[in-house]
Structures are given as C-alpha cells and as structure tokens.
Amino acid sequence: MPAVTVENILVLPRVPRIYTEGLKERAVKSLTTAPSGFEGEGFPVRRAFAGVSMTELDPFVHMDQMGEVEYSPGEAKGTPWHPHRGFETVTYIIDGTFVHQDSNGGGGTITNGDTQWMTAGAGILHIEAPPEFLVLAGGLFHGIQLWVNLPAANKFNPPAYQDIRAGEAILLASQDGGALLRVIAGEMAGYSGPGSTFTPITLIHATLSPGATLELPWSPSFNALAYVLSGKGTAGSQHRPIQSGQLAVFGQGDWLSVSSAAKQDSNSPSLEILFLGGHPIRERVVHYGPFVMNTEEEIVKALEDYQAGRLGTIPVSQVPHRHPGDLRLP
Ligand code: MN
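Residues numbered from 1 in each chain as written. Predicted model: local features only at pLDDT ≥ 70, side-chain atom pairs only at ≥ 80, totals over all residues. Heavy atoms only, no water.

Remarks on the coordination of the manganese ion
Ideal values differ by geometry: the angle at a metal is 109.5 degrees with four tetrahedral donors, but 90 or 180 degrees with six octahedral donors.
Thinking step 1. The protein atoms that coordinate the manganese ion are His82 (NE2), His84 (NE2) and His126 (NE2), at distances of 2.1 to 2.2 Å.
Thinking step 2. Spacing between the donor residues of the manganese ion along their common chain follows H-x1-H-x41-H. In this pair, His84 is assigned in strand β5 (residues 82-84) and His126 in strand β10 (residues 124-129), connecting sequence segments 42 residues apart.
Thinking step 3. A relative accessible area of 0% places His126 in the buried class. (Donors = N, O, S within 2.8 Å, 3.2 Å for Na, K, Ca; no water. Helix = DSSP H or I, 4+ residues; strand = E, 2+ residues; numbered from the N terminus. Buried < 20%, exposed > 50% of the residue type's maximum accessible area, 1.4 Å probe, protein only.)

Overview of the sheet that holds strand β23 (residues 255-260)
Thinking step 1. Reading across from one edge, β18-β23-β20-β21 is the order of the four strands in this open sheet, with antiparallel pairing throughout. The outermost strands of the open sheet, each flanked by one partner alone, are β18 (213-217) and β21 (240-243). Ignoring strand direction, the axes of neighbouring strands in this sheet form an average angle of 25 degrees. (Pairing = 2+ DSSP bridges. Axes fitted to C-alpha atoms, helices over the stretch in contact; angles between N-to-C directions.)

Let's talk about the pattern of salt bridges
Thinking step 1. Taken as a whole and assessed by the stated rule, the structure comprises ten salt bridges.
Thinking step 2. Between Arg47 and Asp64 there is a salt bridge, and its shortest N-O distance comes to 2.8 Å. Of the two residues, Arg47 is situated in strand β3 (residues 43-47) and Asp64 in strand β4 (residues 60-71); the sequence distance between them amounts to 17 residues.
Thinking step 3. Between Asp114 and Arg165 there is a salt bridge, with the nearest N and O atoms lying 2.9 Å from each other. Residue Asp114 is found in the loop between β8 (107-111) and β9 (115-119), and its partner Arg165 is found in the loop between β12 (160-164) and β13 (170-173); the two are separated by 51 residues along the sequence.
Thinking step 4. Counted as one network, the salt bridges with shared partners bring together Arg85, Lys301, Asp305 and Arg310. (Salt bridge = Lys/Arg side-chain N within 4 Å of Asp/Glu carboxyl O.)

Examining the packing of aromatic side chains
Thinking step 1. Applying the stated criterion across every chain yields a total of five aromatic pairs.
Thinking step 2. Residues Phe98 and Phe141 carry aromatic rings whose centres are separated by 5.0 Å and whose planes lie at 40 degrees to one another, so their mutual orientation is tilted. Remark: Phe141 occurs in strand β11 (residues 139-149) and Phe98 occurs in strand β7 (residues 97-102); sequence separation between them is 43 residues.
Thinking step 3. Each ring, one from Trp218 and one from Phe275, has its centre 6.4 Å from the other, and the planes form 50 degrees; the classification is tilted. Here Trp218, found in the loop between β18 and β19 (224-230), pairs with Phe275, found in strand β24 (residues 271-278); they are 57 residues apart in sequence, far enough to count as distant. (Phe/Tyr/Trp six-rings, centres within 6.5 Å; stacked < 30°, edge-to-face > 60°.)

Structural notes on the side chain of Asp114
Thinking step 1. Exposure remark for Asp114: the relative accessible area of 4% places this residue in the buried category.
Thinking step 2. A polar side-chain atom of Asp114 sits 2.7 Å from the main-chain amide nitrogen of Ala166.
Thinking step 3. For Asp114, the contacting residues outside a window of four places in its chain are Thr91, Tyr92, Ile93, Thr109, Ile164, Arg165 and Ala166. (Polar contact = N/O pair within 3.5 Å; in protein donor to acceptor, adjacent residues only side chain to side chain. Contact = heavy atoms within 4.5 Å.)

Topic: the side chain of Arg85
Thinking step 1. Here Arg85 lies in the loop between β5 and β6 (87-95).
Thinking step 2. Here the side chain of Arg85 touches Ala122 through a polar contact of 2.4 Å, landing on its backbone oxygen.
Thinking step 3. Side-chain polar atoms of Arg85 contact the side chain of Asp305, separated by 3.0 Å.

Structural notes on the confidence of the model for the protein
Thinking step 1. Summary statistics for the protein give a mean pLDDT of 92 and a share of 95% for residues scoring 70 or more.
Thinking step 2. In the model, residues 320-330 has pLDDT below 50 throughout and makes 24 contacts with residues more than four positions away in sequence or in other chains. (pLDDT = per-residue confidence, 0-100.)

Looking at the pairing of β7
Thinking step 1. Examined bridge by bridge, β7 and β8 share five bridges and lie antiparallel to one another. Residue pairing in the sheet places His100 in a bridge with Gly108 of β8.
Thinking step 2. Hairpin connection of β7 to β8: four residues between the antiparallel strands, including Gly105 at a positive phi of 90 degrees.
Thinking step 3. Examined bridge by bridge, β7 and β10 share four bridges and lie antiparallel to one another. Pairing of Asp102 across the sheet is with His126, part of β10.

Some thoughts on the pairing of β13
Thinking step 1. Inspection of the sheet shows β13 paired to strand β14 (residues 179-185) by four bridges, in the antiparallel sense. Note that in β14 the partner of Leu171 across the bridge is Arg182.
Thinking step 2. Linkage of β13 to β14, two consecutive antiparallel strands, is achieved through a turn of five residues, within which Gly177 is found at a positive phi near 75 degrees.

Concerning the environment of Ser268
Thinking step 1. Counting through the fold element by element, Ser268 comes out in the loop between β23 and β24.
Thinking step 2. Along the sequence, Ser268 and Ala179 sit 89 residues apart, while their C-alpha atoms lie 15 Å from each other.
Thinking step 3. Apart from the residues lying within four places of it in its own chain, the contact partners of Ser268 are Ser230 and Gly231.

Concerning the environment of Asp265
Thinking step 1. When you line up the elements, Asp265 lands in the loop between β23 and β24.
Thinking step 2. With a relative accessible area of 42%, Asp265 lands in the partly exposed category.
Thinking step 3. In sequence terms Asp265 and Gly231 are 34 residues apart; their C-alpha atoms lie 7.1 Å from each other.
Thinking step 4. At 3.4 Å, the side chain of Asp265 and the side chain of Lys232 are in polar contact.

Printed below as a string of structure tokens:
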C-alpha cells in the first residue's frame, strides 16, 4: 500500500496522550459490512455506507472503496462522462492511477496517495478513468470515493477543484509510535490537513502496525465513522472486532480508539483505516443518482438542467472518446 509512507515514523509529531479523566470514550454503535458492486463501466467497488441511515452519515452521503483490484491487461475501467450537483466528490487513490477531467477545466492525474477534491456545486460534468498505460498493462488499483454533502446555502456555489498531492497530507504518529496518520482534511491534535471544506470535517487515513493502539481526540459535535480498508482489529470502548470492508459508526463522546490485531493475514500486514467525521448539516437529504439536493423538486430541476446542458458541456477535445449524454442512474 504505497499511499504516503515514511521511513521512520518516530520522527513525526505525535497525537498527544488522551487524559481520559472526565472524557468519554466513544462506543461502536453499529457495525456494517460493505456489499460488493460495480461502478461506471464496471470497476469493482464496495459500498462502504450501505445500510447506514443518512442521519448517522451526515455530512457524508456515500462512499465507495474502489478495488483493491489487480487488473489484467485491457481490463481496467473507469466512468463515462456524467453530471453532479449539490455536493463534493473526494477521490483518494491509495494504489494505482486515475485520470480525471471536468467541464469546468479541472482535472489531472492522481496516484498513490493523491486526493482530488471536486466541488460539484451548481453543476459539473466529469469523467474518471484509468490512464491508457494502465489499461494496456494492467496493474493494481485501490482508492476511495467519498461524497460530502453541501448545505443548502452552498449547493449552487460555482464548481471548484482541489488537487491535493500525497506529499501535502499532514503526517502524524500515534502516541505509541505504532500508527501512521495521514490527515487529508480537517484538524487532528492541532494540525490541519490540506483539504478545504465548506462545513467542518476531518478525514484521516491511518495505518496501524500489528498490535498497535490508536487513540484520537474527536470533536464531540462531530459524528465519527471508521471504515476498514484492510486488516483486522478492534474498535471503540467495547473493543468490537472489526475487519476489512466493515464500517463502524461511533456513538457520542470525546475520543475514540482502535487497535490492530497482533496477528494479521499475510496479504494485509497492517490495519488500514479511514476515519471520517464532521459537523452534521441537519438538512433534508434527497439523493437521486448523481444529484444530492434538499427536495424532490430540486432533483427534477437538476435532471432538466442536465438535459438542457446547463450543468456543463463535455470539452470538445474529449467528445470522440466517450459517450456524451450517457447518464447512468444507479
Ligand atoms: Mn462522478
């Protein structure tokens, strides 16, 4: 797993010890296992948030773990051009490469630890695909795509694009030095990640070596989710067993903990976890296909606007490659 790593974790700033007196550790409130499915032109995903209510997820809406998959030559797949409105897509590539382009002029290649943070806002069209060389040669591909909701006040903001390079993530170590934290957005122990967000959010990818314990202070006003990308361990005050493909939703409290099992399977030597939290937006969420709005009327309007070309148009140079107007509604 090459998403940013360091030679000596012990030189990094540490998340300070949590003085637990008077502070409540969060318990795991629900544990769900992500079902497998296919996205876009047929790349394998796990639907990380399946079976969890929007209220628990708020301000997050949807998350796919893309892969991990070892593509054979000619097999790698992406998405056709498609629209979005009303939220942000956050694509974090752990292994492999994805090429992205949007109708707002944003785009680029993201690889091994890079994050592309796209604000769809009022509307955008985009395409996400493996580069030609990966399609030809095949290879490893693993990443996540997270959908972050926007409050009504920002749903019609102009589209925007943040290109967050792997090297910009803030690297921290756990108190025991057994865990590496990559802060992509939000704050942890006084350090702030590079991602700029509309509402307060924390997004961290942690790697725990076998037997390590990670304790994280967590804003009591935030929800708290932990998704296991690979490996196994325990989570929360009750030390609930967790493993690859599971999402733990934590209850209320001031801090949370996870531990890595002392013995891991040989194909995933460490516990890889994504921590997500944010201040709930607490507005009605109507999610239909690629649109996340507050009302059904706004969804109808989004479909009309898309069909009328008001969410953007495919750049002329790209038209021959894909299928304009190919809207796939899951
Ligand atoms: Mn998309």
